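# Examining the three-dimensional arrangement
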Amino acid sequence: MSESPAPGELEDRLAAVRAAVAEAATAAGRTADDITTIVVTKFHPVGLIERLVELGVRDFGESRHQEASVKARQLANQDPPPDVVWHFVGQLQSKKAHAVREYARVIHSLDRASVVAALESPGPAVDGFVQVNLTADPGRGGLQLAGLESLVERVLAAGGINLLGVMAVAPVGEDARRAFLRLRAASERVCVLSPGSSAISAGMSDDYPDAIAEGATHLRIGSAITGNRPPRP
Ligand SMILES: *Cc1c(COP(=O)(O)O)cnc(C)c1O
């Protein structure tokens, strides 16, 4: 189960996802060119990332700083270093936020003012998504929708963060499309404050066609492309 995929399998799964993304985009009257597929490689070895790079993947998602920083360094040390973009999609601790900035071009999990404050920097901007919680359980990842405007204002006031839009994970046990409709409404609220921040990071292996139907621009797809994840290292 945690074996690395046989040659061909990875390529086939990647091609199948790309085809399904294009099909869902067409069905929604959109073009796949406006959709970025981020391959989430958490728990997988760096060798899998290298194989995906050879297959033309450029955007990678990781959810734990320690693991992500090691992988980013390994690839950066190659000669020549591959042209990859790291997306940090996991929960972010304020004390690690600054270190994540070192390699991540995009942070999908801005969910509280302390994280935003920790990311403030006079240097080049990092791209960010405000993560919202689409469940009724405040213990789940992301900001409660009631706090959306105030966190967005905080991000816009911060130096060094370029707000792309909103991010969410569909709640377990609810129709994903309905949940993504709420995310789309959240995106519209953000656009009132920041018209350029219209991107939507949503859609995982089991629900990305629904996310595309509700306007997702950044898909975060793991196992549908990589195969099953090995256990947490
Ligand atoms: C792991 C993860 C994904 C990918 O999940 P799959 O179900 O394997 O596609 C997407 N988003 C986040 C935030 C994740 O942690």
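The rules behind each value
Residues numbered from 1 in each chain as written. Predicted model: local features only at pLDDT ≥ 70, side-chain atom pairs only at ≥ 80, totals over all residues. Heavy atoms only, no water. Near = heavy atom within 4 Å. Polar contact = N/O pair within 3.5 Å; in protein donor to acceptor, adjacent residues only side chain to side chain. Areas by Shrake-Rupley, 256 points an atom, 1.4 Å probe, with all protein chains shown as cover. Salt bridge = Lys/Arg side-chain N within 4 Å of Asp/Glu carboxyl O. Helix = DSSP H or I, 4+ residues; strand = E, 2+ residues; numbered from the N terminus. Buried < 20%, exposed > 50% of the residue type's maximum accessible area, 1.4 Å probe, protein only. Arc of directions from axis to C-beta. Contact = heavy atoms within 4.5 Å. Core = buried A, V, L, I, M, F, W, Y, C linked by side-chain atoms within 4.5 Å. Pairing = 2+ DSSP bridges. Right-handed = clockwise from strand over helix to strand, strands pointing away. Phe/Tyr/Trp six-rings, centres within 6.5 Å; stacked < 30°, edge-to-face > 60°. 1 Å grid on protein atoms, 1.4 Å probe; cavity = no way out; pocket = protein on both sides within 12 Å on 5 of 7 lines; lining within 4 Å. Points joined across faces, edges and corners; volume = space filled by probe spheres on them. pLDDT = per-residue confidence, 0-100.

This part covers the site of the ligand. As a structural note, the neighbourhood of the ligand is formed by Val 40, Lys 42, Val 89, Met 167, Met 204, Ser 205, Arg 220, Ile 221, Gly 222, Ser 223 and Arg 229. In this structure, an oxygen atom belonging to the ligand sits 2.6 Å away from a side-chain N or O atom of Lys 42. Ser 205 has a polar side-chain atom sitting 2.5 Å from an oxygen atom of the ligand. Burial of the ligand by the protein amounts to 88% of the accessible area it has alone, namely 390 Å².

With that settled, the discussion passes to the pattern of salt bridges. Opposite charge on two side chains permits them to pair, given that their charged atoms come into close proximity. Counted according to the given criterion, the structure contains 11 salt bridges. With its nearest N and O atoms 3.5 Å apart, the salt bridge here joins Glu 9 to Arg 13. Here the residue Glu 9 and the residue Arg 13 both occupy positions in helix α1 (residues 9–27), the gap between them amounting to four residues, near one helical turn. The residue Glu 149 makes a salt bridge to Arg 189 at a minimum N-O spacing of 2.8 Å.

Another point: helix α6 (residues 148–157). Listed as buried for α6 are Leu 148, Leu 151, Val 152 and Val 155. Projection of α6 onto a plane perpendicular to its axis shows the buried side chains occupying an angular sector of 100°, all on one side. Turned more than 90 degrees away from the buried face of α6, the exposed residues are Ser 150 and Ala 157. Tucked into the core, α6 has its buried residues touching β4 (104–110), α5 (113–119), β5 (126–131), β6 (161–167) and α7 (176–193).

Next up on the list: the nonpolar core. What tends to happen in soluble globular proteins is that the nonpolar side chains get buried as a cluster. Ile 107, Val 130 and Leu 183 are the most contacted members of the largest nonpolar core, which totals 60 residues. For Ile 107, the residues in contact, after removing those within four places along its chain, are Phe 88, Leu 92, Val 100, Leu 119, Val 126, Asp 127, Gly 128 and Phe 129. Counting residues in hydrophobic clusters, the runner-up holds six residues, among them Val 85, Phe 129, Met 167 and Ala 199.

Here we come to the pairing of strand β3 (residues 85–88). Moving residue by residue along a regular strand, the side chains alternate between the two faces of the sheet. Across the two faces of β3 the burial is the same, with Val 85 and His 87 and Trp 86 and Phe 88 all buried. The sheet contact formed by strand β2 (residues 59–62) and β3 spans four bridges and is parallel. Along β3, the bridge assignment pairs Asp 59 with Val 85. Handedness of the β-α-β unit built from β2, helix α3 (residues 65–76) and β3 comes out right-handed.

With that settled, consider the packing of aromatic side chains. How two aromatic rings sit relative to each other is set out by the distance from centre to centre and by the angle between their planes. Summed over the entire model, instances satisfying the criterion amount to one aromatic pair. Where Phe 60 meets Trp 86, the ring centres are 5.9 Å apart and the plane angle is 40°; that geometry is what we call tilted. Here Phe 60, found in strand β2, pairs with Trp 86, found in strand β3; they are 26 residues apart in sequence, far enough to count as distant.

To continue, consider the environment of Phe 88. Relative to the assigned elements, Phe 88 resides in strand β3. Phe 88 sits in the buried class, given a relative accessible area of 2%. Here the alpha-carbon distance between Phe 88 and Thr 41, two residues 47 residues apart in the chain, equals 11 Å. Other than its neighbours up to four places away in sequence, Phe 88 contacts Glu 62, Ser 63, Arg 64, His 65, Val 100, Tyr 103, Ala 104, Val 106, Ile 107, His 108 and Ser 109.

When its volume is computed, the largest pocket comes out at roughly 800 Å³. Estimated volume of the second largest pocket: approximately 230 Å³. If you go around the second largest pocket, you meet 13 residues; those closest to its centre are Arg 18, Val 21, Ile 35, Thr 36 and Thr 37. The element contributing the most residues to the lining of the second largest pocket is α1, with four residues.

What follows deals with the confidence of the model for the protein chain. Per-residue pLDDT for the protein chain averages 95, and the proportion of residues at 70 or more is 99%. At the level of individual helices and strands, the protein chain shows its lowest average pLDDT in helix α4 (residues 94–101), which scores 95, and its highest in strand β7 (residues 199–201), which scores 99.

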